[in-house]
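Here is what each chain is made of, one letter per residue.
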Amino acid sequence: EAQVTQNPRYLITVTGKKLTVTCSQNMNHEYMSWYRQDPGLGLRQIYYSMNVEVTDKGDVPEGYKVSRKEKRNFPLILESPSPNQTSLYFCASRTPRWVSGGEQFFGPGTRLTVL
Amino acid sequence: DAKTTQPTSMDCAEGRAANLPCNHSTISGNEYVYWYRQIHSQGPQYIIHGLKNNETNEMASLIITEDRKSSTLILPHATLRDTAVYYCIVRVAPSEKLTFGTGTRLTIIP
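Given the structure is predicted, the values throughout are model-derived calculations rather than measurements.

A.B. asks: So what about the overall build of chain B? Which residues, and what values?
C.D. replies: Regarding its fold elements, chain B presents zero helices and nine strands. When the helices and strands of chain B are listed from N to C terminus, the series reads β-β-β-β-β-β-β-β-β. Here the C-alpha atoms of chain B give a radius of gyration of 13 Å, agreeing with the 13 Å that 2.2 N^0.38 yields for 110 residues. Counting all 110 residues of chain B, 45% fall into the buried class. By sequence separation, contacts in chain B at least 24 residues apart represent 57% of the contacts at least 6 residues apart. Looking at chain B as shown, the accessible area adds up to about 5,400 Å², and 50% of this sits on carbon and sulfur atoms. For chain B, the distance from the average site of its 10 positive side-chain charges to the average site of its 10 negative ones is 4 Å.

A.B. asks: Explain the sheet that holds strand β7 (residues 70-75) of chain B residue by residue, including any values.
C.D. replies: Residues and elements named next belong to chain B. Taken together, the four strands give an open sheet; going across it, the order is β2-β7-β6-β5, and neighbouring strands pair in antiparallel fashion. At either margin of the open sheet sits one strand with a lone partner, and together these are β2 (18-23) and β5 (55-56). Looking at chain direction, strand β6 (residues 61-64) and β7 are connected through four bridges and run antiparallel. The residue bridging L62 from the neighbouring strand is L73, located in β7.

Procedures and definitions
- Residues numbered from 1 in each chain as written.
- Chains lettered and ligands numbered in written order.
- Predicted model: local features only at pLDDT ≥ 70, side-chain atom pairs only at ≥ 80, totals over all residues.
- Heavy atoms only, no water.
- Helix = DSSP H or I, 4+ residues; strand = E, 2+ residues; numbered from the N terminus.
- Rg over C-alpha atoms; globule rule 2.2 N^0.38 Å.
- Buried < 20%, exposed > 50% of the residue type's maximum accessible area, 1.4 Å probe, protein only.
- Contact = heavy atoms within 4.5 Å.
- Areas by Shrake-Rupley, 256 points an atom, 1.4 Å probe, with all protein chains shown as cover.
- Lys, Arg positive; Asp, Glu negative; His and termini not counted.
- Charge placed at Lys NZ, Arg CZ, Asp CG, Glu CD.
- Pairing = 2+ DSSP bridges.

Written out as structure tokens, the structure is:
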């Protein structure tokens, strides 16, 4: 089954304790992206990656890092989490050919709470 | 990217057509209109997209005005499972950046 998986689905942590949220897709997609969703603000893009070793900032990259060492994986790293990073996080993937398609597949989400 | 304006919420009776409007008055010639929906707190789901012409797929129809300043997503026979937040997004190809607004919360009423 074609899918995007995220782990963990739920995480409660404390300020300053480094964490990684993993994202993996089995569709051989070049493009992957991370979003955060907060009440009243919709989904905002954090980082995206056009391909292996190619990443770029989205709208709200501060406080986050990403890496793309393999095509299927795109982990989101919070080096020193703060309470304002409490949010619902989504990973997404697709082939980077917007003209011929449009479907971006989203993962199930990771609900992160930073105390 | 052009900004979009959508009503905050709408209701629709089950079995009727749901028409969701979107204004994108600053859209430029190479910007596509995309629609996604999000049920509860699940990951958003792609519905349809278009540039100039009206589009139809198994889920919905997309009507884009001739001046491209607005569009309407039509769910022809709404069911309770269509209750969700619907996002209208405009973007430039081949840019990969997606900007979601706050969307329209559609409630299907039995």
